[in-house]
Each structure stands twice: as C-alpha cells, then as structure tokens.
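Here is how the chains run, residue by residue.
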Amino acid sequence: MSQAVFDAPLPPIHPLWMRISHWLNAAAVLLLVASGWRIYDASPFLGFSIPAGLTLGGWLGGALQWHFAAMWLLVANGLFYLGMNIGTGRLARKFFPLTAAGVLRDALAALRGRLSHADPRHYNSVQRLAYLFVMLDLALIVLSGLVLWKSVQFALLRELLGGYEFARRIHFAGMAMLVAFIVVHLAMVALVPRSLLAMLGARGQEKSA
Amino acid sequence: MSFFKRPIATQVDADAVLIDARKLIEKRLSPSSRRHFLRGSLTLGGLSLLTGCALDGDADVEAALQRISRFNDGVQGLLFDPRQLAPTYSQDMITRPFPFNAYYGEDQVRVVEEAGYRLEVSGLVADKRRWTLAQLRAMAQQEQITRHICVEGWSAIGRWGGVPFGDFLRRVGADLGAKYVGFQCADDYHTSIDMATALHPQTLLALSYDGAPLPPKYGFPMKLRMPTKLGYKNPKHITALYVTNSFPGGYWEDQGYNWFGGS
C-alpha cells in the first residue's frame, strides 16, 4: 500500500482502512438487522411482527443462515476496526476528550443550526458520543448474541447478561438502539452531504463536487 | 484506489503503466456513468436486500450460505466443551403447560403402542439387539430440570428423566470414536448429532416427563433430550438409532437449519 506520490494531493479525509471497515460494517449490519427481524417474527415477544417485506431470508432457516453468515463479517470487521482504531491512536485522537459540558454545548449549537461542519476531520462532541455509543452498542449486541448462540458454552457471559431470556431482550433492545442510531446517522448525512463524500474517499480541503 | 498508486518515475514497469492508463480512462468515462452505476446498484441492491427476493432465489448465494453453515458446524464443534453443563432449575420454575412443538399440529401427534415397540440399534455398534421399553427402564435413570430452547427463540423449562445416552452407547458397544449418531422416528422425523454431544453427561434417552411416562405429545415412548441443543435436534418417538461416520443430515437440517444447532 505505497502512498508515495509526486504531486502530493491532499490525503483522504478518512484513512482507507477506516472507510473499508465502515462500509463492510454497514453491509453486515444491514444483513443482520433484516435477517434478525425475520428471526424475531418466528416468535415475537413484543406483541407485534416486522412486516415480511422488510425482512431477509424468506423463512426462519434462511434468515438464520444469513444471520450466522453476516455475524462473522461483523465480528471480524469489528475487531479489525477496533484494533486499527486503538493501534493507530485514532480512537484517542478523534473521540477524546469527551465531556458532558462539551456534549451539551454542541447539542445546543446543533439545535440552533450553529454547529460547524466545515472540517469533516473533526468530530464535535455529539458525534463523538454518538459514534462511541454505537461501538458500545454493537459490542453489547455481539455479546448478547453469543449468549443466544452458545448459551451453555458462554455460561459466565450468560449469567452476567441475566440468563438466556434476558439476553434475548438485550439483543433486541441493542438492535432497536442501533436502528435508532442509523436513522439519525442517515439524517445527518443527508443534512451534511460532504460527510458522505468523505466516507467515499474525498480528499481534504477540496471544494466538494 | 490508492492501493495501486505507484511512483511512476521511479518504477517504470508495464503493470504500473497499465494501471495508470486504466485510471486515466476511468476518470474520463466515469463521473456520470459511475454515479449512475452507484445509484442503480444502491437502490437495486438495497431493495433486494430489504425484500430478500433476488438474494434468496439465487442458487449460488444459497450454496455459499450452506458452505458457511458447514463452517459454523466446525467452529461449534471446536467450541463445544463436553464438561460444560447446561444450567438446571428448581421444580417451581418449570413452565406449565410445557409447549408442544413439532413440524405438524398437535392434533396429528403419533401414538406409538408400547406393546410392539422395539428400539432398533444399528451401524457401528457391537450389540445390535432390539430394546423393549422395559429393558430401557431397567437401566440406571437420571433426572434433569433444564431449559429447552427453540430455534424460533422462545424457551421453556421442563423436567425429563431417562437413561444417560452415553451409558447406553457404551452398553451397546458403540464406536465412540465415530462422528455421528442418527435417529429415525415414528413421526417420520429424522435427525443426527455429533458424538461429543451424544456423550455429554446431560444427554438423555428420555422416557419420562415430570415424573410420569412421556406423554405422546412429548414423544412417547422415547425422545432424545439434550439441553445443549436447540429443540429440533431433540427427536421424539425414536424407533431406530445408528452410529455412523457418513453425514446423516436431518429433516430440518436438509432444508437449511444449522446442523450442529446447539451450544
């Protein structure tokens, strides 16, 4: 991956590894959520079903196959993302410091439409909180998923998450929070399209096309 | 594309020139066509993902999913620790009524007569005698109150009693190094399990439910009860079992349910 170039254009806003892992994650999450909804429909415990048209897999067996295939992608990609993020120091650099006062200040500024998005390289406090939240939420979903998949083998984890049935509710609640994040995330991308360009590999101070 | 970016002046080789030429051409072609392609594939892809239509019907996709499912079987076999026990519960935690579940409705439950019943044992075993219920009941029994977990996600706690399957396999001189144990059932169901799970201390040839002979709806005269496996791996009304090294599959497994199907 030699980056040497003579005319030295500005570097991409986000490193390549981060963009790859973001889109792999998006694909894995889409497959997991859509197939997970079909699995939920096999035995809905909240008094409603997800419309079949929004689910993936066709029937329970097909949905489980998708779910068990995409989980490898999510876990492998998630470990890669975390490893690179921590290893390169990006996590510490981009997401911290994070203070309650900073979140409050940026949230109020955002509501007044005064939050600057001029530099996609910089995450404001609300973004930091949101992205850290979704990392932790995904970790919780994976851990509770492990309990559902291997409830006997992961006994300690099962007990920590309140037993099999409670882990099932955690898994569902984690999904709901993830979907809520995605809705807000996509709304923000629609409001600030250059963040999408940045994630597609757009370079530094270039005027967006 | 920075994967392919090379310092051209320092390294004039055919590949680099070709790559750069291609990039130049791509740049000229792309803006509108690439956007068009992206837009088309995003919406089409998104739609097919959401509806599951195009992806599900595709034979290649199904074959790939099936291969990943076999890979999952392998990983689960590696994760399986035969000393790890499923949690047990107290009497008052038993789910009442314990749910009925099968690939048919409860009004179609098979009723097997005790009088003519003989359990067939075949394959890689030394002793292929048939077993009556009385002979099975004469063996040392064990009880468990464990959680039954259905592939659909619900679970229920029940109380089963019977012969530890490992005891039975040793008694008939089964090849304990064989890979699989398969089951045939009076309700035309069939399934198979790995030998490690067959020998798990909580795997029972269950003859009783909640202190009484197994009622027909729970699999009279005998079912295999494994708290380490999902419900569909626990066959009811077993009439024959066999030990084998060739993959036997199963009723649901052949349709796509994961074969290992347990924890």
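What you are looking at is a predicted structure, and each value in this text was computed from that prediction instead of being measured. (Residues numbered from 1 in each chain as written. Chains lettered and ligands numbered in written order. Predicted model: local features only at pLDDT ≥ 70, side-chain atom pairs only at ≥ 80, totals over all residues. Heavy atoms only, no water.)

## Structural notes on the overall build of chain B
Looking only at helices and strands, one finds six helices and nine strands in chain B. Put simply, chain B has 263 residues, and 46% of those count as buried. Contacts spanning at least 24 positions in sequence make up 67% of the contacts within chain B whose residues lie at least 6 apart. Accessible area for chain B stands at about 13200 Å²; split by element, carbon and sulfur atoms hold 58% of it. (Helix = DSSP H or I, 4+ residues; strand = E, 2+ residues; numbered from the N terminus. Buried < 20%, exposed > 50% of the residue type's maximum accessible area, 1.4 Å probe, protein only. Contact = heavy atoms within 4.5 Å. Areas by Shrake-Rupley, 256 points an atom, 1.4 Å probe, with all protein chains shown as cover.)

## Section: the overall build of chain A
Per the secondary structure count, chain A includes eight helices and zero strands. Written out in order from the N terminus, the α and β elements of chain A read α-α-α-α-α-α-α-α. Its C-alpha atoms put chain A at 55 × 40 × 35 Å along the principal axes. Classification of the 209 residues of chain A by burial places 43% in the buried group. Roughly 11000 Å² of accessible area belongs to chain A as shown, and the carbon and sulfur atoms make up 74% of that amount. When the 17 positive and 8 negative side-chain charges of chain A are each reduced to one mean point, those points stand 4 Å apart. (Lys, Arg positive; Asp, Glu negative; His and termini not counted. Charge placed at Lys NZ, Arg CZ, Asp CG, Glu CD.)

## What to know about the layout of surface pockets
Empty space within the second largest pocket amounts to approximately 1000 Å³. If you go around the second largest pocket, you meet 49 residues; those closest to its centre are H67, F68, G145, L148 and H171 of chain A. The set of elements that each furnish at least two residues to the lining of the second largest pocket consists of α1 (16-42), α2 (60-87), α5 (125-149) and α7 (164-191) of chain A together with α3 (59-79) and β2 (142-149) of chain B. Its residues assigned to classes, the lining of the second largest pocket comprises 33 nonpolar, 12 polar and four charged. Taken domain by domain, the makeup of the lining of the second largest pocket includes at least three residues from each of domain 1 (2-79) and domain 2 (91-100 + 112-255) of chain B. (1 Å grid on protein atoms, 1.4 Å probe; cavity = no way out; pocket = protein on both sides within 12 Å on 5 of 7 lines; lining within 4 Å. Points joined across faces, edges and corners; volume = space filled by probe spheres on them. Nonpolar A, V, L, I, M, F, W, Y, C, P; charged D, E, K, R; others polar. Domains from an automatic or database assignment.)

## Some thoughts on the pairing of β2 of chain B
All names here are of chain B. The element β2 is extensively covered by neighbouring structure, given that six of its eight residues are classed as buried. Where β2 lies against strand β3 (residues 155-164), eight bridges are found, and the strand directions are antiparallel. Note that in β3 the partner of Q144 across the bridge is W160. (Pairing = 2+ DSSP bridges.)

## Focus on α5 of chain A
The first and last C-alpha atoms of α5 of chain A sit 36 Å apart over 25 residues, in line with the 36 Å expected at 1.5 Å per residue. Two or three places before V126 of chain A, at the start of α5 of chain A, stands the capping residue N124 of chain A, its side-chain oxygen 2.9 Å from that residue's backbone nitrogen. (Expected span 1.5 Å × (residues − 1). Polar contact = N/O pair within 3.5 Å; in protein donor to acceptor, adjacent residues only side chain to side chain.)

## Details of the packing of helix α4 (residues 100-111) of chain A against α5 of chain A
All names here are of chain A. In the contact formed by α4 and α5, the axes pass within 7 Å of each other and the chain directions differ by 115°. The angle between α4 and α5 falls in the class roughly perpendicular. Side by side, α4 and α5 meet where G102, V103, R105, D106 and A107 of the first sit next to S125, V126 and L129 of the second. Taken together, the residues of the contact of α4 with α5 sort by class into four nonpolar, two polar and two charged. (Axes fitted to C-alpha atoms, helices over the stretch in contact; angles between N-to-C directions. Parallel < 35°, antiparallel > 145°, perpendicular 65-115°, else oblique.)

## Here's the deal with the UniProt feature "domain: Cytochrome b561 bacterial/Ni-hydrogenase" (unreviewed entry) in chain A
Mapped onto this numbering, the UniProt entry gives "domain: Cytochrome b561 bacterial/Ni-hydrogenase" (unreviewed entry) at residues 14-201 of chain A. Taken end to end, residues 14-201 of chain A is 74% helix and 0% strand, and its two terminal C-alpha atoms sit 7 Å from one another. (UniProt positions renumbered as here; feature names shortened; annotations may be inferred.)

## Looking at the environment of L200 of chain A
All names here are of chain A. Looking at the element boundaries, L200 is found in the segment after α8 (193-199). Along the primary structure L200 and H22 are separated by 178 residues, whereas in three dimensions their C-alpha atoms are 10.0 Å apart. Ignoring any residue separated from it by four or fewer positions in sequence, one finds L200 in contact with R19 and W23.

## Considerations on the environment of S125 of chain A
As for its position among the elements, S125 of chain A is in helix α5. Looking at S125 of chain A, the relative accessible area reads 7%, which means it is buried.

## Some remarks on the nonpolar core
Within the largest apolar cluster, 92 residues are counted, with the highest numbers of intra-cluster contacts made by L119, F165, F168 and V181 of chain B. Beyond its immediate stretch of four places on either side in the chain, V181 of chain B contacts F165, L169, T191, S192, I193, M195, A198, Y242 and V243 of chain B. One finds V147, L157, A167 and I170 of chain A within the second-largest nonpolar core, a separate group that totals five residues. (Core = buried A, V, L, I, M, F, W, Y, C linked by side-chain atoms within 4.5 Å.)

## Thoughts on the UniProt feature "transmembrane region" (unreviewed entry) in chain A
Residue and element names in this part refer to chain A. Per the UniProt annotation, the sites labelled "transmembrane region" (unreviewed entry) are residues 20-37, 44-60, 66-84, 129-149 and 169-192. The distance separating the terminal C-alpha atoms of residues 66-84 is 27 Å; by composition the span is 100% helix and 0% strand. For residues 169-192, helix accounts for 96% and strand for 0%, while the C-alpha atoms at its two ends are 34 Å apart.

## Considering the packing of aromatic side chains
The relative placement of two aromatic rings is captured by the distance of their centres and the angle of their planes. Scanning the model with the defined rule gives 35 aromatic pairs over all chains in all. Here Y103 of chain B and Y189 of chain B contribute two aromatic rings whose centre-to-centre distance is 6.1 Å and whose plane-to-plane angle is 20°, an arrangement assigned as stacked. Here the residue Y103 of chain B occupies a position in the loop between α3 and β1 (120-123), and Y189 of chain B occupies one in the loop between β4 (180-185) and β5 (190-194), the gap between them amounting to 86 residues. What links up through ring pairs into an aromatic cluster is the set W59 of chain A together with F100, Y103, Y104, Y189, Y232, Y251, W252 and Y257 of chain B. Here the guanidinium or amino end of K150 of chain A rests over the ring plane of W149 of chain A, the centre of that ring lying 4.8 Å away. Positioned above the aromatic ring of W160 of chain B is the side chain of R225 of chain B, whose terminal nitrogen or guanidinium carbon lies 4.1 Å from the ring centre. (Phe/Tyr/Trp six-rings, centres within 6.5 Å; stacked < 30°, edge-to-face > 60°. Lys NZ or Arg CZ within 6 Å of the ring centre and 35° of its normal.)

## A look at the pattern of salt bridges
One pass over the structure, following the stated rule, counts 17 salt bridges over all chains. With a closest N to O distance of 2.9 Å, R158 of chain A and E159 of chain A form a salt bridge. You can call E159 of chain A partly exposed: its relative accessible area is 49%. Salt-bridge contacts for D167 of chain B lead to R170 of chain B; the nearest nitrogen and oxygen are separated by 4.0 Å. Here R170 of chain B and D167 of chain B lie together in helix α5 (residues 165-171), a separation of three residues that amounts to about one turn. Exposure remark for D167 of chain B: the relative accessible area of 35% places this residue in the partly exposed category. R170 of chain B sits in the partly exposed class, given a relative accessible area of 48%. One connected set of salt bridges, linked through shared partners, spans R96, E143, R159 and D210 of chain B. (Salt bridge = Lys/Arg side-chain N within 4 Å of Asp/Glu carboxyl O.)

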